[in-house]
Amino acid sequence: MFLSTFEKQLDSKRRIVVPQEFRAAVSGMFDGIFCFPSIEADCLEAGGKALFDRYTGVIEELPFGDPIRSALETSVLGGMAKLSFDTAGRITLPDHLCEMCGLTDWVAVVGMGERFQIWSREAFQAHRAAQRDLAREGLAALRAQQRQAKLGSAS
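Residues numbered from 1 in each chain as written. Predicted model: local features only at pLDDT ≥ 70, side-chain atom pairs only at ≥ 80, totals over all residues. Heavy atoms only, no water.

Colleague: Outline the UniProt feature "domain: SpoVT-AbrB" (unreviewed entry) in the protein, listing residues and values.
Modeller: If you check UniProt for "domain: SpoVT-AbrB" (unreviewed entry), the listed places come out as residues 5-51 and 80-123 in our numbering. Measuring from the first to the last C-alpha atom of residues 80-123 gives 22 Å, for a span that is 23% helix and 41% strand. (UniProt positions renumbered as here; feature names shortened; annotations may be inferred. Helix = DSSP H or I, 4+ residues; strand = E, 2+ residues; numbered from the N terminus.)

Shown next as structure tokens:
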């Protein structure tokens, strides 16, 4: 499981050290990660074989030729890079992925359970603030629904 947020600096070759905890979480099939442009936000999505299998499963649920399936195949599978760790635990991010997401210097590596995201540090700071607001609103709405359900079942 990928947990926590780490700030890392890209070196001149676009390498970053993947946190040890994240490297341990993807050990298995090969010594590295699968990485592609996120569908949800302007960042990179990354993870191990479990993440790859999850996206492949979603894609395979859709009929061949379905426009959503094609969009997912293009975005996820077509955009995917298989990145191996070097002896120092670094990955080298491809130029085109860095350009797509504005990754130039400092990045935030953000654990999200079964996946992690790589953001430009500044973009992540704004995204995190917006997500905290959304989480507060969503949690408040959920609690209100739960209270209403308890009151309705008590009548």
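There's plenty left to go through after this.
Colleague: Describe the packing of aromatic side chains, and please don't skip the residues or the numbers.
Modeller: Applying the stated criterion across every chain, the model contains seven aromatic pairs. Both rings, one in Phe36 and one in Tyr55, keep their centres 5.1 Å apart while their planes meet at 85°; by these two values the pair is edge-to-face. Linking Phe36 in strand β3 (residues 32-37) with Tyr55 in helix α2 (residues 49-61), this pair joins segments that are 19 residues apart in sequence. Given a relative accessible area of 17%, Tyr55 falls into the buried group. (Phe/Tyr/Trp six-rings, centres within 6.5 Å; stacked < 30°, edge-to-face > 60°. Buried < 20%, exposed > 50% of the residue type's maximum accessible area, 1.4 Å probe, protein only.)

Colleague: Please set out helix α3 (residues 67-77) residue by residue, giving values where relevant.
Modeller: Listing the buried residues of α3 in full gives Arg69, Leu72 and Val76. In a view along the axis of α3, the buried residues occupy a sector of 65°, so they form one face of it. For α3, the exposed residues set more than 90 degrees away from the buried face come down to Pro67 and Thr74. Looking at the buried positions of α3, the neighbouring elements they touch are β3 and α2. Put simply, Asp66 is the residue that caps the front of α3, since its side-chain oxygen is 2.7 Å from the backbone nitrogen of Ile68. (Arc of directions from axis to C-beta. Contact = heavy atoms within 4.5 Å. Polar contact = N/O pair within 3.5 Å; in protein donor to acceptor, adjacent residues only side chain to side chain.)

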